[in-house]
Amino acid sequence: MSITAMDLVANAKQKITEVSVANTKNSLSTHFILDVREPAEFEAGHLPNAINIPRGVLEFKITAHPTFAGQKEADIIVYCLSGGRSALATEALQKLGYSKAVSMAGGYTAWTEAG
C-alpha cells in the first residue's frame, strides 16, 4: 500500500498543534508569522509581517534566516494556502528544535474567508 501526500499531512497533523485564524489574528504582535507558500503566492497576498520561506527549502534556510537563527524557542505560526504544507512544515520545524511552532488551520484561504 502506497502513502499519499494527504496521508503525510494527516500524520503530521496528529503530531503538531493547529491554531485557529482568530487565534492567529490575536497573536500577530507576539508571534513570528511564517508563510511557507511559493514566492509568487506570497506576493499575491500574505498575513501582516509574514516572512516567506517556501516549504521546499525550509529546512535548509530557516536556521540561516536572520529572524530565526538562534530562535529555537520563538513562538512561530506557520501557514500556507490550505493547511497541508504548513502542517508538514511545522512538523519539520519541530524536528529541527523549533518546539513552539504551530500551524494555522485552513491556511491563507481560511484567513481571507474570515475577512
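Higher on the page you've got the structure.
This one's a predicted model, so the numbers in the text were calculated from it and none came from an experiment.

### With respect to the packing of aromatic side chains
Taken as a whole and judged by the stated rule, the model has two aromatic pairs. Note on Phe32 and Phe68: the rings are 5.5 Å apart at their centroids and 65° apart in plane angle, and the pair reads as edge-to-face. Within this pair, whereas Phe32 is found in strand S2 (residues 32-35), its partner Phe68 is found in the loop between helix H4 (58-61) and strand S4 (76-79), the two being separated by 36 residues in sequence. Ring geometry for Tyr79 against Tyr108: centres 6.3 Å apart, planes inclined by 25°, an arrangement best described as stacked. Taken together, the positions of Tyr79 in strand S4 and Tyr108 in helix H6 (residues 107-113) put the pair 29 residues apart, joining distant regions of the chain. Relative accessible area serves as the criterion here: at 0%, Tyr79 is assigned to the buried category. Taking NZ or CZ as reference, Lys25 lies 5.3 Å from the ring centre of Trp111, over its face. Its end group placed over the ring of Tyr108, Arg37 keeps NZ or CZ at 4.5 Å from the ring centre.

### What about the environment of Cys80?
Relative to the helices and strands, Cys80 is located in the loop between S4 and helix H5 (84-95). For Cys80, a relative accessible area of 1% puts it in the buried group. Sequence separation of Cys80 and Ala105 is 25 residues, and the distance between their C-alpha atoms is 9.3 Å. Excluding anything up to four places from it in sequence, Cys80 contacts Val36, Arg37, Arg85, Ser86, Gly107 and Tyr108.

### Quick notes on unusual backbone geometry
Residue Asn49 is not a glycine yet carries a positive backbone phi of 60°. Relative to the elements of secondary structure, Asn49 occurs in the loop between helix H3 (39-44) and strand S3 (51-52).

Calculation notes
Residues numbered from 1 in each chain as written. Predicted model: local features only at pLDDT ≥ 70, side-chain atom pairs only at ≥ 80, totals over all residues. Heavy atoms only, no water. Phe/Tyr/Trp six-rings, centres within 6.5 Å; stacked < 30°, edge-to-face > 60°. Helix = DSSP H or I, 4+ residues; strand = E, 2+ residues; numbered from the N terminus. Buried < 20%, exposed > 50% of the residue type's maximum accessible area, 1.4 Å probe, protein only. Lys NZ or Arg CZ within 6 Å of the ring centre and 35° of its normal. Contact = heavy atoms within 4.5 Å.

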